[in-house]
Amino acid sequence: MSAAMDTESTYSGYSHYSGHSKKAHRQGRDRHKSPRSKDGSRSEKSVTIQTPPAEPLLGNDASRAEEGQDDNWGETTTAITGTSEHSISQEDIARISKDLEDSVGLDCKRYLGLTVAAVLGLLVFLTPIAFILLPQILWRDDLEPCGTVCEGLFISVAFKLLILLIGTWALFFRQPKADIPRVFVFRALLLVLIFLFVFSYWLFYGVRILDSKDTNYQGIVQYAVSLVDALLFIHYLAIVLLELRQLQPMFTVKVVRSTDGESRYYSLGHLSIQRAALVVLENYYKDFTVYNPALLTASKSRAAKHMAGLKVYNVDGNNASGQSRAMIAAAARRRDSSHNELYYEEADHERRVKKRRARLVVAVEEAFTHIKRLQAEEQQKAPGEMMDPREAAQAIFPSMARALQKYLRTTRQQQYHSMESILQHLSFCITNNMTPKAFLERYLNPGPTLQYDRDRWFSKQWTLVSEEAVTSGLQDGIVFVLKCLDFSLVVNVKKIPFIKLSEEFIDPKSHKFVLCLQSETSV
């Protein structure tokens, strides 16, 4: 408990306020208020949503202030943290409310499809049993006796129905991974085929057996066996259409994230556009690095800084288009010097990242050596004084918190790592006897999207945009887009070319060589 209190006090001690920090905070608050006063129309058309406080490890304002600080800022000044604010327009809120209404419709459609499939499956399994039991109930006294062959058919029907039940459960009754906009064509065709098939069997059974009250009970049982055999063949057809057909790669898709240009390549088989989009999203969450909008603000701020230094004077009353052309021309003249600024900015940023990375590695290694020493000492103590992994993590966290805090600010990852998640990861590493390098892997290298907290990255609604029908199959040259609230994924489909492979035979006896020595060669 004391270790936990020390952790909280040490971690919160980074944002204590001195006289200098209060003045800086007052200036920063006035600076944030000034754009709102200048642009009153924007404040009327937007709604500000404030995120819950004390959730991320660091505030976003601290990351902005990091640009103009030196490497020893923590020893001379104090950090000012705060909650981040995100603004969205009223159109976005209307679209979100529409998406919520659409999600209710998708749920109804999904449950309706499951209900229809369940009712049809129950009808399929009860039909052979009904074919066998109805003659025994309606005209039992008129039936011919069932011999040994007929009784053997009972066993055949029972085991075939059991096999069909297990196969149907494994193929169809699986938890859906997503809601697709259109119906799955092959599955709908299979359901229609099964319905027509069972309906035709019932029609023939009602006309030829129920109306005439057929007394050949062995023939009736064989009729039920033929129905079960046909259902097994339909199940095999479903496996081919739903599972095996898409296994052979036929297309290569290139997925590009629109914001930062990160791309991946995947091989797909014969799939519809909506199912290909589902496969792309499944691979996106495990292959693409997490989307970090803070990394994209550097170029925008740099361009805004260059444009802010330009002044255009309207002398002869020209229109706004002339002013914009003058600003573009002035920006083009300053283009030769801007690349030097970009070079030095990137070099300085890389230098600061390397320095703080080295400090973080040293701090974590020292903390882990301390916890190893604690483990060696705790083995000699009474069982009541032993520390669990959570308490051990809280004991060593303050020694590395400051270095980790600075590194996450510099690399703009603070919004993805809260203090609670870091403590959980640290206790996990201690429990499994992992090295400092294994602990730092999550923070030194941006990982896939699934690695981070689900509430911070998961997008519940994706929109599929395609010129072709989403139920049509993939073709060469098709482009479709997957959109979410912050970015979009552009998917370009290319067909794998036909490869012609020829064979050339080389005689093993042809591998003979002669060593040629010149007379002038020195020995």
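Cut-off values and rules
Residues numbered from 1 in each chain as written. Predicted model: local features only at pLDDT ≥ 70, side-chain atom pairs only at ≥ 80, totals over all residues. Heavy atoms only, no water. UniProt positions renumbered as here; feature names shortened; annotations may be inferred. Disulfide = S-S within 2.5 Å. Buried < 20%, exposed > 50% of the residue type's maximum accessible area, 1.4 Å probe, protein only. Helix = DSSP H or I, 4+ residues; strand = E, 2+ residues; numbered from the N terminus. Pairing = 2+ DSSP bridges. Salt bridge = Lys/Arg side-chain N within 4 Å of Asp/Glu carboxyl O.

- Looking at an unreviewed UniProt entry, one finds the protein chain named Vang-like protein, with Antrostomus carolinensis as its source organism.
- Check the Sequence similarities (unreviewed entry) section of the UniProt entry for the protein chain; it says "Belongs to the Vang family."
- If you open the UniProt record of the protein chain and go to Subcellular location (unreviewed entry), you find "Cell membrane".

Quick notes on the state of the cysteines
Okay, so step 1: Enumeration according to the criterion identifies one disulfide in this entry.
Okay, so step 2: The residue that forms a disulfide with Cys146 is Cys150, at a sulfur-sulfur distance of 2.0 Å. Between Cys146 and Cys150 the disulfide shows an S-S torsion of about -115°. By sign, it is left-handed.

Let's talk about the pairing of strand S3 (residues 251-257)
Okay, so step 1: What you see with S3 is a clean split: Phe251, Val253, Val255 and Arg257 sit on the buried side and Thr252, Lys254 and Val256 on the side with no burial.
Okay, so step 2: With six bridges joining them, S3 and strand S4 (residues 263-268) adopt antiparallel strand pairing. From the neighbouring strand, Val255 faces S4, where its bridge partner is Arg264.
Okay, so step 3: As paired elements, S3 and strand S7 (residues 488-495) share seven bridges and run antiparallel to each other. Bridge pairing links Arg257 to Leu489 in S7.

A word on the pattern of salt bridges
Okay, so step 1: In total, this model carries eight salt bridges according to the counting rule given.
Okay, so step 2: Note that Lys160 and Asp229 form a salt bridge whose closest N and O atoms lie 2.5 Å from each other. Here Lys160, found in helix H7 (residues 148-171), pairs with Asp229, found in helix H9 (residues 217-244); they are 69 residues apart in sequence, far enough to count as distant.
Okay, so step 3: Asp229 sits in the partly exposed class, given a relative accessible area of 25%.
Okay, so step 4: Here Asp348 makes a salt bridge to Arg351, at a shortest N to O gap of 2.9 Å. Placement of the pair is Asp348 and Arg351 together in helix H13 (residues 335-378), with a separation of three residues, close to one helical turn.
Okay, so step 5: Since its relative accessible area comes to 32%, Asp348 is described here as partly exposed.
Okay, so step 6: Linked by salt bridges that have partners in common, Arg257, Asp260, Glu262 and Arg264 make up one network.

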